[in-house]
Amino acid sequence: MKYETQKLAYPYFLAAMGLFVAQVLGGLLAGTVYVFPNLLSETIPFHIIRMIHTNALIVWLLFGFFGAAYYLIPEEAETEIHSPGIAKLQFWLFLIGAAAAVVGYLFGIHEGREFLEQPLIIKVAIVIVALMFLYNITMTLIKGRKTAVSLILTIGMWGLALFFLFAFYNPTNLALDKMFWWYVVHLWVEGVWELIMAAILSFLLIKMTGIDREVVEKWLYVIVSLTLFTGLLGTGHHYYWIGTPGYWQWIGSIFSTLEVLPFLAIVVFTFMIVRKGGRNHPNQAALLWTMGCAVMAFFGAGVWGFLHTLAPINYLTHGTQITPAHGHLAFFGAYVMVNLAIITYAMPHLRGMQPYNQVLNMWSFWIMCSGMAFMTFVLTAAGVLQTHLQRVMGIGFMEVADEINFFFILRLLSGIVVVVGVLIYVYAMLSTDKEQAQAGETSPQAAE
Ligand code: HEM
Ligand code: HEM
Ligand SMILES: [Fe+2]
């Protein structure tokens, strides 16, 4: 590790992993309620469990992004982070805010509106946290070297904060409410977060394959342009049935179909660079997560997104189990995996030891990916059946829910597999290699 302030990433990655465990345990509990509907219905009702599951997801992904930025920006900018004090303060404020939100949820304090349930004061705290971060990173960039990777990462983070501001606008008109809600949700995951992901993957590829920066930068610009060209108007795929004018069915269908292209470009780019640059880096596990991220994001967002994005198809599938099938694989493939990739890469440097327990880490990769893939297939099957029975045959919602119950049992089983994978990952990242510890070896990788 070349710069002292890269260490600022460490607590962020620890918090990310901790909340990741909490998130999947919350998911597991939600999946259990699906199979045993009355479980905890008085103490922690399903909607609260679901809220903790999805909010923990967003918060740990943000912890991961912040950590990734603090880790990679010094190296890219060739200078220390502007203010380590702000970075530390920002960490604690965010952690306390997240904890307060969860406690509030448990007591039923929330504002509704999926993903944006945080009470007003927590939303304000999130904005303060984001401003502290943006100030710190932007000041660092101004005094340092400006690379495409750090610029795009920073632009992505600015976009993330700006679009979050729409969370404060909650019109009473339900159509308008939904319109602005998607400004946050869609423009995050299919807009600015994609820039963040592309920048982190580029950093990892430059570091691990030894390829010329110019090659990666050229691709990065292609991906960013494709993302913004398709993703902004792609928002239209959520405007089919909420009371917006009919032309959105055309705009949404066309542009969101094109949204597959940046995800395809990321796969091509990753594999091309790994082939050209070679895969001799000692941290094979980090390379596996990097390549896996490109592939799984393509399937989750690209393929499973396209599956229900055309208006005539979405007319039938809207809000069925097809939606969480896609939501799970897309979030996992793109944003969970990019975080696990950078954490896998950075942790050995941060802890001052060789990449250890790589085999175990790679096991966790295959276990988690199989679990999520199986969950996606199962929910897709449930969704197809549900669409047919409910939307084509016109059978009532609750009756159909009984019919597809079997798939919810399978979803629960796949969830257990995912949780096991997550626990193995965290163990592999945090345990100490006994031989290395005994030999008293410190940071042989730091020279790299
Ligand atoms: C990494 C990127 C992506 C993530 C994380 C993601 C995640 C999600 C999530 C969580 C939802 C459910 C939202 C809700 O109603 O609560 C959703 C809905 C949807 N997504 Fe994505 N998505 C991504 C990319 C895409 C792409 C590229 C497409 C199209 C090619 C797409 C098409 C859709 C559609 C059509 C819906 C609405 C489903 C419905 O009508 O019920 N998504 N997405
Ligand atoms: C890293 C892995 C995971 C990610 C990224 C993730 C993400 C998500 C997202 C984005 C939603 C909202 C979905 C939507 O509205 O379409 C959701 C809901 C849910 N998740 Fe997960 N999740 C993960 C792991 C799990 C696990 C292991 C389980 C265990 C069975 C699980 C069970 C559920 C359930 C039951 C819901 C509520 C679905 C509903 O309301 O019908 N998730 N998750
Ligand atoms: Fe979308």
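Residues numbered from 1 in each chain as written. Chains lettered and ligands numbered in written order. Predicted model: local features only at pLDDT ≥ 70, side-chain atom pairs only at ≥ 80, totals over all residues.

## Focus on the overall build of the protein chain
Thinking step 1. When you go through the protein chain residue by residue, the secondary structure sums to 16 helices and zero strands.
Thinking step 2. Relative to the compact-globule value of 22 Å for 448 residues, the protein chain shows a C-alpha radius of gyration of 22 Å, a close match.
Thinking step 3. Structurally, the protein chain occupies a C-alpha span of about 65 × 45 × 45 Å along its principal axes.
Thinking step 4. Relative to its 448 residues, the protein chain shows a buried fraction of 47%.
Thinking step 5. In the protein chain, 81% of the contacts between residues at least 6 apart in sequence involve partners at least 24 apart. (Helix = DSSP H or I, 4+ residues; strand = E, 2+ residues; numbered from the N terminus. Rg over C-alpha atoms; globule rule 2.2 N^0.38 Å. Buried ≥ 20, exposed ≤ 12 C-beta atoms within 10 Å, placed from the backbone. Contact = placed C-beta atoms within 7 Å.)

## Re the site of ligand 2
Thinking step 1. In the region of ligand 2, 22 residues are neighbours, and G27, A30, G31, G327 and G415 sit closest.
Thinking step 2. Elements with a contribution of two residues or more to the shell around ligand 2: α1 (9-35), α2 (46-77), α12 (322-351) and α15 (405-430).
Thinking step 3. Take the shell around ligand 2: its biggest share by element is seven residues, from α12.
Thinking step 4. Of the residues that constitute the shell around ligand 2, the class distribution is twelve nonpolar, eight polar and two charged. (Near = placed C-beta within 6 Å. Nonpolar A, V, L, I, M, F, W, Y, C, P; charged D, E, K, R; others polar.)

## A word on the site of ligand 1
Thinking step 1. With respect to spatial proximity, 24 residues lie near ligand 1, and among them A301, G305, G327, A330 and A334 are the closest.
Thinking step 2. Counting residues per element, the ones that place at least two in the shell around ligand 1 are α6 (174-209), α10 (284-307) and α12.
Thinking step 3. Ranked by residues supplied to the shell around ligand 1, first place goes to α12 with six residues.
Thinking step 4. In terms of residue class, the shell around ligand 1 is built from eight nonpolar, 13 polar and three charged.

## A look at unusual backbone geometry
Thinking step 1. Positive phi outside glycine occurs at E78, with the angle close to 55 degrees.
Thinking step 2. Its place among the elements puts E78 in the loop between α2 and α3 (84-106).
Thinking step 3. Although it is not a glycine, F115 sits at a positive phi angle of roughly 75 degrees.
Thinking step 4. Within the secondary structure, F115 sits in the loop between α3 and α4 (120-143).

## A look at the confidence of the model for the protein chain
Thinking step 1. Looking at the protein chain as a whole, its pLDDT mean stands at 95, while 97% of the residues score no less than 70.
Thinking step 2. Contacts of residues 440-448 to residues separated by more than four positions or lying in other chains number eleven contacts, the stretch itself having pLDDT below 50. (pLDDT = per-residue confidence, 0-100.)

## What to know about α4
Thinking step 1. Between the first and last C-alpha of α4 there are 35 Å, a value that for 24 residues agrees with the 34 Å anticipated at 1.5 Å per step.
Thinking step 2. Considering only its buried residues, α4 is in contact with α2, α3 and α5 (148-164). (Expected span 1.5 Å × (residues − 1).)

## What to know about the packing of α10 against helix α13 (residues 358-392)
Thinking step 1. Contact geometry for α10 and α13: axes closest at 10 Å, N-to-C directions at 10 degrees. With respect to their mutual orientation, α10 and α13 come out roughly parallel. Note on element contacts: α13 touches α10 through Q358, N361, M362, F365, C369 and T376, opposite Q284, A285, L288, W289, G292, M296 and W304.
Thinking step 2. Tallied by class, residues from the contact of α10 with α13 come to eight nonpolar, five polar and no charged. (Axes fitted to C-alpha atoms, helices over the stretch in contact; angles between N-to-C directions. Parallel < 35°, antiparallel > 145°, perpendicular 65-115°, else oblique.)

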